[in-house]
Amino acid sequence: MAELSTVARPYAEALFATARDDKAGLEGWAVLVDELAQVAGNPDVREAMADPRLGDAQRVELFAGLVKTSLPQAARNFIELLVQNDRLLLLPIISSQFIALKNRHEGTAQADITSAFELTEAQVKDLVAALEVKFGLKLRPHVTVDPSLIGGVRVAVADQVLDTSVQAQLARMRDKLAA
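- Labelled according to an unreviewed UniProt entry, the chain appears under the name ATP synthase subunit delta, originating from Bordetella genomosp. 13.
- As recorded by UniProt, the Sequence similarities (unreviewed entry) comment attached to the chain reads in full: "Belongs to the ATPase delta chain family."

1. A closer look at the packing of helix α2 (residues 25-41) against helix α6 (residues 91-106)
Point 1. The interhelical angle for the contact between α2 and α6, taken along N-to-C directions, is 160 degrees, at an axis separation of 8 Å. The angle between α2 and α6 falls in the class roughly antiparallel. At the point where α2 passes α6, the crossing takes the left-handed sense. From α2, L26, E27, W29, A30, V33, D34, L36, A37, A40 and G41 reach across to α6, where they touch L91, P92, S95, F98, I99, K102, H105 and E106.
Point 2. Here the residues of the contact of α2 with α6 are counted per class, giving eleven nonpolar, three polar and four charged.

2. Notes on the sheet that holds strand β2 (residues 138-145)
Point 1. Here four strands make up an open sheet; going across it, the order is β2-β1-β3-β4 and the pairing mixed. Every other strand in the sheet has two partners, leaving β2 and β4 (160-163) as the edge strands with one partner each. Neighbouring strand axes in the sheet, compared pairwise and without regard to direction, differ in orientation by 20 degrees on average.
Point 2. Direction of pairing for strand β1 (residues 108-115) relative to strand β3 (residues 153-157): antiparallel, over a ladder of five bridges. In the sheet register, D112 faces β3, and the bridge partner there is A156.

3. Quick look at the pattern of salt bridges
Point 1. By the definition in use, this model includes eight salt bridges.
Point 2. Across the pair K102 and E27 runs a salt bridge, and its minimum N-O distance is 2.9 Å. Of this pair, K102 sits in helix α6 while E27 sits in helix α2; the two residues are 75 residues apart in sequence, bridging distant segments of the chain.
Point 3. E132 is the partner of K138 in a salt bridge, and the nearest nitrogen-oxygen pair spans 3.5 Å.

4. Considerations on the pairing of β2
Point 1. Looking at chain direction, β1 and β2 are connected through eight bridges and run parallel. Paired with A111 across the bridge in β2 is P141.
Point 2. Viewed along the sheet, the connection from β1 through helix α7 (residues 121-135) into β2 turns out right-handed.

5. Notes on the nonpolar core
Point 1. Among the nonpolar cores identified, the biggest contains 33 residues, and F63 and F98 are the most heavily contacted of them.
Point 2. Those elements giving two or more residues to this core turn out to be α1 (4-21), α2, α3 (43-49), α4 (56-66), α5 (73-84) and α6.
Point 3. By residue number, the principal contributor to this core is α2, which donates eight residues.
Point 4. Setting aside chain neighbours within four positions, we find F63 in contact with L36, V39, A40, V45, M49, I79, L88 and L91.
Point 5. The next biggest cluster of nonpolar side chains, apart from the first, holds eleven residues, and it includes V128, L139, V155 and V157.

Criteria and thresholds
- Residues numbered from 1 in each chain as written.
- Predicted model: local features only at pLDDT ≥ 70, side-chain atom pairs only at ≥ 80, totals over all residues.
- Heavy atoms only, no water.
- UniProt positions renumbered as here; feature names shortened; annotations may be inferred.
- Axes fitted to C-alpha atoms, helices over the stretch in contact; angles between N-to-C directions.
- Helix = DSSP H or I, 4+ residues; strand = E, 2+ residues; numbered from the N terminus.
- Parallel < 35°, antiparallel > 145°, perpendicular 65-115°, else oblique.
- Left-handed = near helix turned anticlockwise from the far one by under 90°.
- Contact = heavy atoms within 4.5 Å.
- Nonpolar A, V, L, I, M, F, W, Y, C, P; charged D, E, K, R; others polar.
- Pairing = 2+ DSSP bridges.
- Salt bridge = Lys/Arg side-chain N within 4 Å of Asp/Glu carboxyl O.
- Right-handed = clockwise from strand over helix to strand, strands pointing away.
- Core = buried A, V, L, I, M, F, W, Y, C linked by side-chain atoms within 4.5 Å.
- Buried < 20%, exposed > 50% of the residue type's maximum accessible area, 1.4 Å probe, protein only.

Laid out in structure tokens, this is it:
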């Protein structure tokens, strides 16, 4: 069976091309696609969409009815296409790929910053400024606190991880001593 991300990629690319040319803009579409992904990711919705008693039109109406935002015609057409091709439940993967395409287009990325302690606004701003120079991208920080790091921070940008936490330093020291 094909990898789900491979199956989802053409849908994400087509949606991105549509969103890029739409008056709502990429940001509006990103919010909508995220909402669609959240609805599709709900276990009850997944079960309902797999019900063989429902026809395609009923699935589209049911799914569209669960979305809080008013759906533009292009989004409704996209949902219909996903239902017809039995790909509606791929929406969470399509959403993450859409966001990656949007970020690449805008020259931005999300920086997942995990800190051992709560960071102030000024600390986050300084850290993001230094990271933007290192990664060469405009970063949007997403900060979480994880006391198990003991001290320091762990930053993940796309597929790159910069781990300066005390926990990681202790693990490196342990590995060197055991070698």
